[in-house]
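Structural description and commentary
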Amino acid sequence: GGVGKTHTLTKVVEPLAVTYFGESGYAAAAQSNHAAQNLGPRGRTLHSANGLLMTDSLQTAMLRLNPRSQKKMIRLTGSLGVDVIDELGCVSGSLLHADALRKTYGRMLQHSIQPTAYMKPSETWGRMPAKILSGDFLQLPPVPQSASLLAPTKGQSYEHQQGRKLLADMEYVVDFVQMQRFCDPLQVEVLEAMRTRGGKKISE
């Protein structure tokens, strides 16, 4: 937290994506309304970005699109070049899987995609040119521990296991370590100690 992820997305990634892919070429989403608002005018909740209601089931069979939702997903995802999920540590495995499947459904007609292959690394998120997952895994997620992306896969649902696989298959990982938001040396020392594996003694 506080290392500049959201700033990098809104000030660097978004302008590049819009320049290269056009006005509809960038989208960003987060689990909560507050986090989505931090992503600027293109920020949406993950449910909204996938045409889902909070009460909708995330089971694979229930994620199929009807003609109305198909049109909405084509409009939201057809021209996307860069798709972002922020605050990933707050997203359940099942919701990450739902995002990948619904984005595939939305892009399959325009890009001639076989939706049954949506979990292959080269096909994920409907062959999205760039998918960025960002977040702080030391942040406590507002989901049950059993639903967290960090939870073990044993005994979990198919959807949770697929969400874990999507995360594990990410090709590049960038670890931001330089604190940007906080300048109080005491606060920075505490935050660095929190992130030291095995713990770290701090001064009084």
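My aim in this report is to walk through the structure given alongside it, one point at a time. (Residues numbered from 1 in each chain as written. Predicted model: local features only at pLDDT ≥ 70, side-chain atom pairs only at ≥ 80, totals over all residues. Heavy atoms only, no water.)

**Some thoughts on the nonpolar core**
Applied cut-off: Among the buried residues, those of types Ala, Val, Leu, Ile, Met, Phe, Trp, Tyr and Cys that are joined through side-chain atoms within 4.5 Å form a nonpolar core. Each residue's exposure class comes from its accessible area (1.4 Å probe, protein chains only) as a fraction of the maximum for that residue type: buried when under 20%, exposed when over 50%, partly exposed otherwise. Each helix is a run of H or I in the DSSP string that is no shorter than four residues. Each strand is a run of E no shorter than two, and both are numbered from the N terminus. Contacts were defined at the residue level, with two residues in contact if any of their heavy atoms lie within 4.5 Å.
Judged by nonpolar contacts, the single largest core of 28 residues is most densely connected at Ile85, Leu88, Val91, Leu96 and Trp125. Sorting the residues of this core by element identifies strand 1 (26-30), helix 3 (46-49), helix 4 (67-77) and helix 5 (93-111) as the ones contributing at least two each. Considering every element that reaches this core, the biggest residue donor is helix 5, with seven residues. With near-sequence residues (within four places) excluded, Val91 lies in contact with Gln31, Leu46, Ile85, Leu96 and Leu149. With eleven residues, the next largest nonpolar core counts Leu9, Ala17, Ala28 and Ala30 among its residues.

**Points about the side chain of Asn50**
For the record, the criterion: Side-chain atoms alone can form a polar contact between residues adjacent in sequence; in general such a contact is a pair of N or O atoms within 3.5 Å, and within protein one must be able to donate a hydrogen while the other accepts it.
As for its position among the elements, Asn50 is in the loop between helix 3 and helix 4. When its relative accessible area of 0% is taken as the criterion, Asn50 is described as buried. Here Asp99 takes part through its side chain, which lies 2.8 Å from a polar atom of the side chain of Asn50. Among residues more than four places away in sequence, those in contact with Asn50 are Met73, Ala98, Asp99, Arg102 and Lys103.

**Quick word on unusual backbone geometry**
Located in the positive-phi region is Ser112, a residue other than glycine, with phi close to 50 degrees. With respect to the helices and strands, the residue Ser112 is situated in the loop between helix 5 and helix 6 (124-127).

**Things to note about the packing of helix 4 against helix 5**
Helix-helix packing is described using two parameters, namely the angle between the two axes and the distance between the axes. The condition that has to hold: Inter-axis angles, ranging from 0 to 180 degrees, are taken between N-to-C directions of lines fitted to C-alpha atoms, where helices are fitted over the stretch in contact. Throughout, the term roughly parallel applies to angles under 35 degrees, roughly antiparallel to angles over 145, roughly perpendicular to angles from 65 to 115, and oblique to all others. Each residue is assigned to one class: nonpolar for Ala, Val, Leu, Ile, Met, Phe, Trp, Tyr, Cys and Pro, charged for Asp, Glu, Lys and Arg, and polar for all the others, Gly among them.
In contact at an axis separation of 8 Å, helix 4 and helix 5 are set at 85 degrees when each is read in the N-to-C sense. As summarised for this structure, helix 4 and helix 5 are arranged roughly perpendicular, according to the angle between their axes. Here helix 4 contributes Ser69, Gln70, Met73, Ile74 and Thr77 to the contact with helix 5, which in turn contributes Arg102, Lys103, Tyr105, Gly106, Arg107, Met108, Leu109 and Gln110. Tallied by class, the residues present in the contact of helix 4 with helix 5 amount to five nonpolar, five polar and three charged.

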